[in-house]
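Here are the chains, one letter per residue:
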Amino acid sequence: MSVAEVVITGIGVAVRMASDGEGWFDVRTRLGPRGYKYLPASCHYLLAAARDAVADGGGLDHAPPEARAAVVGSTVGLGPLYREIEQAALAGDGHQVSPASAPFFAVNAIAGRLAADLMVKGFTMTTTSPGVGGLEAVAAAGRALALGRCDVALAGATEHARAGGQGAAVLVCERRPEALARGAHVYGSCRVRTAFGPPRLVAEPTGARRLAAELDELLDQLAVSPDVPVSVMCDDSAVGSAVARRFPEARWEPPDSRDGCLRPVLGIAAPLAAGRQQLVVTATTVGNIALAHVVADTGVGTC
Amino acid sequence: MTDVVVTGLGAVCCQGAGVAALDRAMTAAVAAPPDTVPDKGAGLRIPLMHRAPDIAATGHDAGRAGRLAVTAAAEALADAGLTTPHDRVVTVIGTCHGEALPRECRAEGDETPAFLVASAVADWLGGYAANTSVSNACAAGGYALTLAADLIAAGEADVVLAGGADAYSRVGWACMDRMGAVDPLCCRPFDAHRRGTVLGEGAGMLVLESAQYARARGAAVHARFAGAGWSCDAGHATAPDASGEQIERAMRQALTAAPGCVIPHGTGTVLNDRVESRALRAVLGTRADDVPLYSLKALIGHTGGASAALAAVAAVLILAAGAVPANIALEEQDPTCAVFLPQDGPTSLRFPRVLVNAYAFGGNNSSLVLESAA
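Residues numbered from 1 in each chain as written. Chains lettered and ligands numbered in written order. Predicted model: local features only at pLDDT ≥ 70, side-chain atom pairs only at ≥ 80, totals over all residues.

1. Observations concerning the overall build of chain B
Next, step 1: Of the regular secondary structure elements, chain B holds 11 helices and 14 strands.
Next, step 2: Its C-alpha atoms give chain B a radius of gyration of 19 Å, within 12% of the compact-globule value 21 Å for 374 residues.
Next, step 3: Split into buried and exposed, the 374 residues of chain B put 67% on the buried side. (Helix = DSSP H or I, 4+ residues; strand = E, 2+ residues; numbered from the N terminus. Rg over C-alpha atoms; globule rule 2.2 N^0.38 Å. Buried ≥ 20, exposed ≤ 12 C-beta atoms within 10 Å, placed from the backbone.)

Set out below in structure tokens:
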């Protein structure tokens with residue numbers, strides 16, 4: 001089938017930097033004085049990043065609410081909240097769980113809140129594969145656009161780990177012809193492919209070779225040329241190590257599982273914003289693998 | 001558009017393991033009474049659930065939800081005539097709670113992801129194809145099945161093992177209990193006396209593939225995936241938009257021809273059943289009084305992320321039988337839920353397609369249609 005190219009026209013990031021303290025995100029300043037205080041932190045970050053992305057992309061007025069979509073990856077975004085709820089239940093205080101918090105036992109309530117904030121009525125989807133949920137969200141947004149399920153999609157990740165990553169990154173995605181027709185600034189494109197490495201098989205030489213062949217096939221599908229810089233975000237598990245070995249010259253950024261699926265999305269947002277090509281590779285101990293090929297548009301301004 | 005077909009089915013629920021167990025239960029039309037939640041420490045006010053049978057660990061799964069998922073996946077794959085390990089089978093698994101008990105048993109500070117159900121299935125499958133976990137709460141199975149069909153339509157996959165699975169979660173049950181969303185008696189959608197839902201455990205899996213791929217390998221086709229629609233209310237965190245506008249839109253997207261049966265989302269929650277009933281009347285128009293609904297949750301409880309996948313399995317069984325089984329008898333149908341719920345015996349399927357609805361917190365709405373392959 002003929003697939004329309006999907007491009008990124010807006011980028012929003014709200015992330016805790018190493019130098020930031022606990023109070024790095026001020027809800028009132030970033031989101032407003034009412035209606036946000038009791039939402040989970042991962043919801044705060046997502047709303048802030050999405051608003052920034054939408055503003056950067058020139059707003060959403062070009063797409064009616066029914067043509068807007070949001071696809072959000074989150075794998076540890078509600079961990080601290082779940083811990084609080086469980087402790088309350090075990091202490092016999094389950095009835096004291098905040099009514100504002102209770103709906104968030106379902107992780108997709110985060111994307112639901114985003115939908116209400118930006119009038120997203122096309123659909124929302126929440127992807128939760130360990131480590132790669134954010135890149136899966138970008139892939140799912142691209143597919144939905146190509147199949148005509150929406151005209152604009154917000155795609156990204158949000159996480160909130162007490163001792164790990166905190167923040168969100170959101171990309172505004174749309175089909176290139178429509179983006180150009182409305183005069184949007186096009187950062188470039190990002191194509192994602194995913195795979196799986198069965199941990200026990202990959203730990204053996206035969207399985208590792210089979211995985212390497214699968215990675216080669218994905219690289220062919222993504223049309224990655226050998227000179228593209230590669231950023232490897234793989235842990236030191238059997239799967240992570242096997243994937244990392246396929247890219248011996250790459251910059252290796254070992255992730256912390258507590259970072260969830262946010263860092264690979266930041267890994268594609270940065271080269272898009274800087275106007276350069278990049279291949280982002282991520283793999284996790286349970287077997288999920290994703291490759292994202294960023295191709296920045298040339299001859300356009302960068303932010 | 002690529003023609004997508006269903007070639008394999010698998011199911012586990014409180015009525016037993018296997019599609020045959022679900023089929024027998026649908027024919028018998030006798031609901032199992034809810035079980036007591038086996039977790040006294042959770043302090044639930046209404047500690048009810050529909051518990052799936054215990055299944056021994058296989059070594060590939062992280063916990064109870066993974067075991068349910070792998071059991072249903074193995075049945076679906078065998079039914080499709082496929083074997084493990086299989087390199088070309090992509091997996092898309094919906095789950096609301098994820099692998100809840102291991103998470104809840106973890107030490108303080110261990111924030112390893114809980115969503116390990118899909119990866120457990122992929123690990124069992126032993127292949128290298130893509131694997132995705134979708135967590136659109138109680139509609140997760142519907143989104144997973146449609147995403148699977150989209151992967152085939154986009155040319156990214158030939159064959160996809162897709163569905164949903166959920167097991168007991170202390171956090172999930174505690175929050176539903178906190179919100180007053182649990183019926184103290186049983187799950188009785190569309191009944192005038194309903195007071196909420198009763199959650200359950202289960203897994204439903206289907207093998208979806210392109211018709212071309214199925215034909216090439218000589219696979220028996222159970223049904224066609226005839227259409228799907230998604231929408232979002234963009235409103236309240238838990239309550240459906242009372243206008244039903246968006247759930248109506250999802251149904252219209254999915255339907256390309258008249259349905260012979262509807263398996264509604266129908267949870268037993270007062271407002272949800274009423275809004276869905278009104279939307280169905282708007283979509284079905286003058287046929288609304290004649291199109292039978294099959295209220296699956298009255299039989300097996302609300303299995304969360306598995307519910308739409310189990311409903312899809314039930315839809316294929318209905319298509320195969322050419323008849324809609326009798327619904328679990330209602331004490332008194334809610335007059336504000338003006339839908340056709342035959343309870344006296346099977347009803348002939350006038351049109352060979354079944355509409356499956358699935359809705360969720362966050363205003364997520366999914367509808368899909370399965371059609372006879374004949």
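Next comes the rest of the account.
2. Regarding the overall build of chain A
Next, step 1: Secondary structure assignment for chain A yields 10 helices and 10 strands.
Next, step 2: Here the C-alpha atoms of chain A give a radius of gyration of 19 Å, agreeing with the 19 Å that 2.2 N^0.38 yields for 303 residues.
Next, step 3: A total of 303 residues make up chain A; the buried ones form 59% of that total.
Next, step 4: Contacts in chain A between residues at least 24 apart in sequence constitute 76% of all its contacts with a sequence separation of at least 6. (Contact = placed C-beta atoms within 7 Å.)

3. Structural notes on the domain arrangement of chain A
Residue and element names in this part refer to chain A.
Next, step 1: Domain annotation for chain A reports domain 1 (6-187) and domain 2 (189-296).
Next, step 2: Distance between the C-alpha centres of domain 1 and domain 2: 23 Å.
Next, step 3: Taken together, the 34 residues of domain 1 in the interface contact 26 residues of domain 2.
Next, step 4: The class makeup of the residues in the side of domain 1 that touches domain 2 is 19 nonpolar, 13 polar and 2 charged. (Domains from an automatic or database assignment. Nonpolar A, V, L, I, M, F, W, Y, C, P; charged D, E, K, R; others polar.)

4. With respect to the pairing of strand E3 (residues 123-127) of chain A
In summary, the side chains of a regular strand alternate between the two faces of the sheet.
Residue and element names in this part refer to chain A.
Next, step 1: Counting buried positions along E3 yields 5 of 5 residues, so the element is predominantly enclosed.
Next, step 2: Residues Phe123, Met125 and Thr127 of E3 are buried on one face, and the alternating residues Thr124 and Thr126, pointing to the opposite face, are buried as well.
Next, step 3: By the bridge criterion, 5 bridges tie strand E2 (residues 68-73) to E3 in an arrangement that is parallel. If you follow valine 71 over to E3, its bridge partner there is methionine 125. (Pairing = 2+ DSSP bridges.)

5. Some details on the domain arrangement of chain B
Reports often express the size of an interface as the amount of accessible area lost when the parts come together.
All names here are of chain B.
Next, step 1: As far as domains go, chain B holds domain 1 (4-216) and domain 2 (226-372).
Next, step 2: Secondary-structure elements contributing two or more residues to the side of domain 1 that touches domain 2 are strand E1 (4-13), helix H1 (19-28), helix H5 (140-153), strand E7 (159-166) and strand E8 (202-210).
Next, step 3: Ranked by the residues each element gives to the side of domain 1 that touches domain 2, the list is headed by H5, at 8 residues.
Next, step 4: Of the residues in the side of domain 1 that touches domain 2, the class split is 33 nonpolar, 18 polar and 7 charged.

6. A look at the interface of chain B and chain A
Next, step 1: Listed per partner, the contact involves 57 residues of chain B and 65 residues of chain A.
Next, step 2: Breaking the side of chain B that touches chain A down by element, the ones donating at least two residues are helix H4 (117-125), strand E6 (131-134), H5, helix H6 (170-178), strand E9 (223-232) and helix H8 (245-254) of chain B.
Next, step 3: Residue contributions to the side of chain B that touches chain A peak at 7 residues, all from H6(B).
Next, step 4: A per-class count over the side of chain B that touches chain A returns 27 nonpolar, 22 polar and 8 charged.

7. Side note on the packing of helix H2 (residues 41-56) of chain A against helix H4 (residues 109-118) of chain A
Residue and element names in this part refer to chain A.
Next, step 1: Between H2 and H4, whose axes approach to 10 Å, the crossing angle comes to 40°. Between H2 and H4, the angle falls in the class oblique. Crossing angle aside, the handedness with which H2 passes H4 is right-handed. Here Ser42, Cys43, Leu46, Leu47, Ala50 and Val54 of H2 lie close against H4, whose contacting residues are Ile110, Arg113, Leu114, Asp117 and Leu118.
Next, step 2: Residues belonging to the contact of H2 with H4 are distributed by class as follows: 8 nonpolar, 1 polar and 2 charged. (Axes fitted to C-alpha atoms, helices over the stretch in contact; angles between N-to-C directions. Parallel < 35°, antiparallel > 145°, perpendicular 65-115°, else oblique. Left-handed = near helix turned anticlockwise from the far one by under 90°.)

8. Let's talk about the UniProt feature "domain: Beta-ketoacyl synthase-like N-terminal" (unreviewed entry) in chain A
Next, step 1: Mapped onto this numbering, the UniProt entry annotates "domain: Beta-ketoacyl synthase-like N-terminal" (unreviewed entry) at residues 32-160 of chain A.
Next, step 2: As annotated, residues 32-160 of chain A comprises 40% helix and 16% strand, and the C-alpha atoms at either end are separated by 20 Å. (UniProt positions renumbered as here; feature names shortened; annotations may be inferred.)

9. Focus: unusual backbone geometry
Residues and elements named next belong to chain B.
Next, step 1: Here threonine 84 and proline 85 are connected by a cis peptide whose omega angle stands at -10°.
Next, step 2: Inspection of the secondary structure puts proline 85 in the loop between helix H2 (64-79) and strand E5 (89-94).
Next, step 3: With a phi angle near 55°, alanine 29 is a residue other than glycine that sits in the positive phi range.
Next, step 4: With respect to the secondary-structure elements, alanine 29 resides in the loop between H1 and strand E3 (35-36).
Next, step 5: When the 17 C-beta atoms within 10 Å are taken as the criterion, alanine 29 is described as partly exposed.

10. So, the environment of A:Pro248
Next, step 1: Considering the arrangement of structural elements, one finds A:Pro248 in the loop between helix H9 (238-245) and strand E8 (251-252).
Next, step 2: Residues A:Pro248 and A:Arg51, spaced 197 residues apart in sequence, show a C-alpha to C-alpha distance of 38 Å.

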